[in-house]
Amino acid sequence: MREILLFALLGLGSGALIAGIAVAIVLMYRGSGIINLATGGISMLSGYCFWSLREGEIASMGTVPALLVTLVFTLLVGVAMELVAFRPLRNAAPLAKLVASLGVLLIAQASMLLAFGSTQKPQPSILPSDVVTIFDVNVPVDRFILVGIIIAITIGLVALYRYTRFGLATRAASENEVSALLAGLSANQLSMVNTVLAALVAGSIGVLAASVTQLDTVSLPLQVVPALAAALLARLTSFAIACAAGIGIGIINSLIDYLSTQSWWPTDHGVPMPGTKELLAFLIIVAAMFLRGARLPSRGELVEQRLPEVPKATKILQPAIILTIVCAVALVVLPYDFRQALINSMIGTVMALSLVVITGFVGQISVVQLALAGVAGFTVSHMAVDFGIEFPLAPIIGAAVAVLFGAAIGVSALRVRGVSLAVVTLGAAVAISNFGFVNRTWGGGDTGSPVPQPEIFGIDLGTEAGFRGIDGNLPSPVFGWMVLVVTVLLCMFVASLRRGSFGQRMLAVRSNERASAAAAIDVRHVKLVAFSVSAFIAGVAGTLYAYNFGSVSADRFGPVTALALIAFAYAGGITLVSGAIFAGLISTQALLPHMLDKWLGIEGNWFLLFGGVILIFTLLQHPEGVAGAFYKSREQRRARRAAAAPPAPPAASSGRPVATVGVDS
Amino acid sequence: MSAVLETSKLSVRFGGVHAVNEVDLRVEEGQLVGLIGPNGAGKTTCIDAITGFVRSTGEVRLDGEDVTRLSAHQRARRGLGRTWQASELFDDLTVRENLLVAARRPSLWGVAKELFGAPVTKTEATERALELVDLAWAGDMRPTDLSQGQRKLVGVARAIAMQPRLLLLDEPAAGLDTHESEDLGRRLRSLVDGGQSMLLIDHDMGLVMSICDHIYVLEFGKLIAHGPPDVVRRDPKVIKAYLGSAAAELADEVDGEPARAADGGER
């Protein structure tokens, strides 16, 4: 009993951290309608800032000046974030705003990686390290101070929103932006103040919570997942509930720590079952979505922008043949490192294709695709290790298991859509990664799980096959050819899917679910099939990953990589096969990053930074992505040529004036 | 004659409001039935209930078969084709694809075959439907490039292309001028004369009175009258409830002048 009390009180610390980020998320959502996935990232930035000022990395200041500078820095981060990423997207679709926050997160992470490396930093604590004794239990006093600060901030925010003109205005604007505008309130100013406030809350938590978290580029940013769970329980509106739920989640997490020391707690190779906290956060998110209503409170916004267009491929076979020949030759001719990069690019293309189907065609953003690839990869490994089942049966089973998982997530997507789905799948990605992949029995832990070479009828198709290309090095072009065949076939499949009647049905569902039902389209069926198809494609990518590296490990399929993948897919063109190919070329360890690294000495983390910048730029300038921009300019040229030789005006044939713009009743 | 559509005690409640209150409708095979009533009378809600877009009580029978428990897309599949006041098109598809996606329901095998062959770009039904609303020239355009009135016609064409047993049109003529509205009326009438059963909601009294075989009048969710146009227009309850000040102009119409007063009076 004493220990339970001890752990519950210790949990106040991480609870305060989660609550702080949750309150910041709510603040930001109410202020500007953005679910900011980068909220934990801001905490991290401020943490790094304080550390570097205090510990001699940049300066060796005293606590107070360092704190002041950090606050100013956080404020500037908030202003920059608002001006560069969020204000230009004020009237964009909610999904675009969410993806923009993803870009902010990537930029924050990549810049800290570049500046300070990936090792953990010893964050100095500014709270007293005394111990107080309560009911015979010794608890560090900073836990209470932290919770006290968060509760004070929450009370302050509640008061600010309830009793000031600013709060009233924000509430009005979040109810209905149009009428707020008519009432003479500037949505831009309100949004700016709220964003800066949110940044300050998140930032100060990042500095204060040093004693309960680590300072690195992953821990703090990913605290956004339990924080989202708390914020969703508060329906993204109530500060008090968000704060209480955050503290509650922290206490439960701490109790899980306690319970996992018990003998009856399930273990995995002698260590307590990993990932239970992440699983809990995911379950809370799902429960919040289902119990408290699938729909987030929506805002009356000025303009609703649609997702980027989905052009049809005019030719499929011809570009496919050209691509195949070029790549097949390149695989033999290129030196080994470029050969490897080309193979990575092709696998990245397949990964992006799965996003083209689910996000581009059906408009459902799914962060879980890379985790599905991981499921397939680990299945291939365990088929071989545990059951002796190898190529070609193992990858088929792997893809099938990925489809099962994808369909299960698709079932949940029948009730949640858009932004909510992105949050659910983010929770799922984190849970699958930590609960599944890190587990050494089911996954591979951090050491990885081996994958044997693919072989059929005695012919080695793997990376170590006999034929080694011109320079005679690993990996073998034979494996590259196999990846090429799979990639080209899947590209053709997705392109013809778009042209066919199922593609039309997916786009119909994306455009208008109500009208789809009236057109006799089974919306649930279409979504479920689309989820399965994209899970299948992700699963194929996962098995290729597995054979490519000869082993599978958890870090390759982690949530941070998954978010980067979405950024690259968006930048390439989320609605196009050619966009997926472009995304493949710029993805991690692919051709473009490799060339920059080799010739210009620009390391991979720079590319992550570029990824974030390109993502935001794409959202602002070319929502259809790089490939879409190409396509558009080609269409425009074609239209101009057609206009030079005009055909008979279409309206003339109708024999009556074209209907006037109508007055809708 | 047999009934294509029959509702009995069809009711919809929104909180404490009875939006549709025990409505019994009947559409015979090959008949054009009008559904009229003042604003907020529950006409659109009635169509929503028949086609399964709103939770309702009572019974809906299509060709004698109870479809009350079926979802919206299943009812559409059985032959209830509808349009909306706001055209609700698929803006990501071309006009022709809008029709095609509603008209065709290929099997899984058909979808698989399409992956290898050239996709179907039009069918007889889509072309006929486009022809009927005079939009064949716009087939390859995006709905967003059309005017509001044209968008509405695309919605009508999409429902027609499904070759439904019963076509339910929610104010297809709103947004069209007098000339176009009359033109549309003639086309709809010819469709009905070809055997299509139809339920029509419209504010344009001239249109409804001139083309319908039978008219139902709703007020506050309740049916207050029904019968052939001549009977309904003389019904004192209808004149009082629905037409009010427009009654005088209605009398004009009896003398052969088209009346469009209700149109303006309602908005």
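This one's a predicted model, so the numbers in the text were calculated from it and none came from an experiment. In every chain, residue numbers begin from 1 and rise along the written sequence. All chains are assigned letters beginning with A, and all ligands numbers beginning with 1, in the order in which they are written. The predicted origin of the model limits local features to residues at a pLDDT of at least 70 and limits the giving and counting of side-chain atom pairs to 80 or more, whereas totals for whole chains, interfaces and linings rest on all residues.

Draft legend 1. Examining the overall build of chain A more closely. On a plain count of helices and strands, chain A comes out with 26 helices and eight strands. Based on C-alpha atoms, the radius of gyration is set beside the globule rule, defined as 2.2 Å times the residue count to the power 0.38. Radius of gyration (C-alpha) of chain A: 26 Å, near the 26 Å computed for a compact globule of 665 residues. For chain A, the spread of C-alpha atoms along the principal axes amounts to about 75 × 70 × 50 Å. Within the span of chain A, comprising 665 residues, buried residues form 55% of the whole. Strands are runs of DSSP state E lasting at least two residues, helices are runs of H or I lasting at least four, and both sets are numbered from the N terminus onward. Here the C-beta atoms are placed from the backbone, and a residue counts as buried if at least 20 other C-beta atoms lie within 10 Å of its own, exposed if 12 or fewer do, and partly exposed otherwise.

Draft legend 2. Geometry of the overall build of chain B. Helix and strand content of chain B: twelve helices and eleven strands. Within chain B, the proportion of its 267 residues that are buried is 50%. In chain B, the proportion of contacts linking residues at least 24 apart, taken out of those at least 6 apart, comes to 64%. Here contacts are defined at the residue level, using C-beta atoms placed from the backbone and a cut-off of 7 Å between them.

Draft legend 3. Looking closely at the nonpolar core. A set of buried residues drawn from Ala, Val, Leu, Ile, Met, Phe, Trp, Tyr and Cys, joined through C-beta atoms within 7 Å, is what defines a nonpolar core. Ala-22, Val-23 and Ala-230 of chain A are the most contacted members of the largest nonpolar core, which has 296 residues in total. Leave out the neighbours within four places in its chain, and Val-23 of chain A touches Ile-153, Thr-154, Leu-157, Val-201, Phe-239, Ala-242 and Cys-243 of chain A.

Draft legend 4. Local environment of helix H1 (residues 2–32) of chain A. Residues and elements named next belong to chain A. Taking 1.5 Å of rise per residue, 31 residues should cover 45 Å, and H1 covers 45 Å from first to last C-alpha, within 8% of that figure. At Gly-13, H1 shows its largest bend, some 35 degrees. Residue Gly-33 follows H1 closely and has a positive phi angle near 70 degrees. A helix's residues, less one, multiplied by 1.5 Å, set its expected span. Two axes define the bend at a residue: one fitted to the seven residues ending there, one fitted to the seven starting there, and the bend is the angle between them.

Draft legend 5. How the structure looks around the sheet that holds strand S8 (residues 166–170) of chain B. Residues and elements named next belong to chain B. Taken in spatial order, the six strands of this open sheet run S7-S8-S9-S4-S10-S11, and their pairing is mixed. Both edges of this open sheet fall to strand S7 (80–82) and strand S11 (222–227), since each of them pairs with a single strand only. Mean inter-strand twist for the sheet, computed between neighbouring axes without regard to direction, equals 20 degrees. For two strands to be treated as a pair, DSSP must find at least two bridges joining them. Pairing analysis gives four bridges linking strand S4 (residues 32–36) to strand S10 (residues 214–219), with the strands arranged parallel. In the sheet register, Gly-34 faces S10, and the bridge partner there is Ile-215. Angles here are taken between N-to-C directions and fall from 0 to 180 degrees, while the axes themselves are lines fitted to C-alpha atoms, restricted in helices to the stretch in contact. The sheet contacts of helix H1 (residues 43–51) involve S4, S7, S8, strand S9 (197–201) and S10, and relative to S8 the element is tilted by about 150 degrees.

Draft legend 6. Looking closely at the domain arrangement of chain B. Residue and element names in this part refer to chain B. What the domain assignment lists for chain B is domain 1 (3–79 + 164–266) and domain 2 (90–163). Distance from the C-alpha centre of domain 1 to the C-alpha centre of domain 2: 26 Å. At the junction of the two partners, domain 1 supplies nine residues and domain 2 supplies nine residues. Looking at the side of domain 1 that touches domain 2, the elements that each hand over two or more residues are S8 and helix H7 (178–193). Per-element accounting of the side of domain 1 that touches domain 2 gives the leading share, three residues, to H7. Under the scheme applied, nonpolar residues are Ala, Val, Leu, Ile, Met, Phe, Trp, Tyr, Cys and Pro; charged residues are Asp, Glu, Lys and Arg; polar residues are all the others, including Gly. Counted by class, the side of domain 1 that touches domain 2 contains six nonpolar, one polar and two charged residues. A domain assignment, automatic or from a database, supplies the domain bounds used here.

Draft legend 7. Summary view of the interface of chain B and chain A. If you look at the interface, chain B gives 47 residues, while chain A gives 38 residues. Where the side of chain B that touches chain A is concerned, the elements lending two or more residues are helix H2 (72–78), helix H3 (95–103), helix H4 (108–114), helix H6 (148–161) and H7 of chain B. For the side of chain B that touches chain A, the element with the most residues is H6 of chain B, which contributes five residues. Of the residues belonging to the side of chain B that touches chain A, the class tally is 20 nonpolar, ten polar and 17 charged.

Draft legend 8. Inspection of the domain arrangement of chain A at higher detail. Residue and element names in this part refer to chain A. Per the domain assignment, the segments making up chain A are domain 1 (2–115 + 135–265) and domain 2 (317–557). Of note, the centres of domain 1 and domain 2, computed from C-alpha atoms alone, are 34 Å apart. In this assembly, eight residues from domain 1 lie in contact with eight residues from domain 2. Secondary-structure elements contributing two or more residues to the side of domain 1 that touches domain 2 are helix H4 (94–116) and helix H10 (224–233). Along the lines of polarity and charge, the residues of the side of domain 1 that touches domain 2 split into eight nonpolar, no polar and no charged.

Draft legend 9. Quick look at the environment of Gln-120 of chain A. Residue and element names in this part refer to chain A. Within the fold, Gln-120 resides in the loop between H4 and strand S1 (131–134). Along the primary structure Gln-120 and Leu-215 are separated by 95 residues, whereas in three dimensions their C-alpha atoms are 5.6 Å apart. Among all residues touching Gln-120, those that are not within four sequence positions of it are Gln-214, Leu-215 and Asp-216.

Draft legend 10. Examining the confidence of the model for chain B more closely. The quantity known as pLDDT measures the predictor's confidence residue by residue, on a range of 0 to 100. With 90% of its residues at a pLDDT of 70 or more, chain B has an overall mean of 84. The model gives residues 254–267 of chain B a pLDDT under 50, and that stretch makes 27 contacts with residues more than four places away or in other chains.

Draft legend 11. Structural view of the confidence of the model for chain A. Residue and element names in this part refer to chain A. Per-chain confidence: chain A averages 83 in pLDDT, with 92% of residues scoring 70 or above. Element-level pLDDT for chain A is lowest in helix H7 (residues 177–182), with a mean of 67, against a maximum mean of 93 in helix H14 (residues 336–361). Across residues 299–304, where pLDDT falls below 50, the model places 15 contacts with residues more than four positions away in sequence or in other chains. The low-confidence segment residues 646–665, where pLDDT is below 50, has 37 contacts with residues more than four positions distant or belonging to other chains.

Draft legend 12. View of the pairing of S8 of chain B. Residue and element names in this part refer to chain B. Burial of S8 is extensive: five of the five residues sit out of reach of the surface. Judged by which residues are buried, S8 turns out to be covered on both faces: Leu-166, Leu-168 and Asp-170 on one side and Leu-167 and Leu-169 on the other are all buried. Summarising the sheet, S7 and S8 pair through three bridges and their orientation is parallel. In the sheet register, Gly-81 faces S8, and the bridge partner there is Leu-167. As defined by bridge partners, S8 adjoins S9 across five bridges and the pair is classed as parallel. By the bridge assignment, Leu-166 is partnered in S9 with Ser-197. Once you follow S8 into H7 and on to S9, the crossover reads as right-handed. If the strands point away from the viewer and the path from the first strand over the helix to the second runs clockwise, then the crossover is right-handed.

Draft legend 13. Examining the pairing of S9 of chain B more closely. Counting buried positions along S9 of chain B gives five out of five residues, so the element sits mostly inside the fold. Because side chains alternate across S9 of chain B, one face comprises the buried residues Ser-197, Leu-199 and Ile-201 of chain B, and the other comprises Met-198 and Leu-200 of chain B, equally buried.

Draft legend 14. Structural detail: the packing of helix H22 (residues 559–572) of chain A against helix H25 (residues 604–621) of chain A. Residues and elements named next belong to chain A. At a closest axis distance of 9 Å, the pairing of H22 and H25 adopts a crossing angle of 50 degrees. Accordingly, the angle class assigned to the pair H22 and H25 is oblique. The hand of the H22/H25 crossing is left-handed. For the pair formed by H22 and H25, the contact residues are Ala-564, Ala-567, Phe-568, Tyr-570 and Ala-571 on the first element and Leu-608, Gly-611, Gly-612, Ile-614, Leu-615 and Thr-618 on the second. Taken together, the residues that form the contact of H22 with H25 break down as eight nonpolar, three polar and no charged. Here the word oblique covers every angle except those under 35 degrees (roughly parallel), over 145 (roughly antiparallel) and from 65 to 115 (roughly perpendicular). Crossings are assigned a handedness: left-handed for a near helix turned anticlockwise from the far helix by less than a right angle, right-handed for a clockwise turn.

Draft legend 15. Quick look at the packing of H22 of chain A against helix H23 (residues 577–586) of chain A. All names here are of chain A. The N-to-C vectors of H22 and H23 enclose an angle of 130 degrees; their axes lie 7 Å apart at closest approach. Put simply, H22 runs oblique to H23. By crossing handedness, the relation of H22 to H23 is classed as right-handed. Note on element contacts: H23 touches H22 through Gly-579, Ala-580, Phe-582, Ala-583 and Ile-586, opposite Phe-568, Ala-569, Ala-571 and Gly-572. For the contact of H22 with H23, the per-class residue count stands at seven nonpolar, two polar and no charged.

Draft legend 16. Structural view of the environment of Glu-390 of chain A. Residues and elements named next belong to chain A. Examined against the element boundaries, Glu-390 turns out to sit in the loop between helix H15 (369–387) and helix H16 (393–413). Residue classification places Glu-390 among the partly exposed positions, given that 17 C-beta atoms sit within 10 Å. Between the alpha carbons of Glu-390 and Pro-452 there is a distance of 7.5 Å; along the sequence they are 62 residues apart. Once residues within four sequence positions are removed from consideration, Glu-390 is found in contact with Ala-384 and Pro-452.

Draft legend 17. Structural view of the environment of Phe-435 of chain A. Residue and element names in this part refer to chain A. Its place among the elements puts Phe-435 in helix H17 (residues 418–437). In sequence terms Phe-435 and Leu-67 are 368 residues apart; their C-alpha atoms lie 37 Å from each other. Here Phe-435 is in contact with Pro-274, Gly-275, Thr-276, Glu-278 and Leu-279, once residues within four sequence places are set aside.

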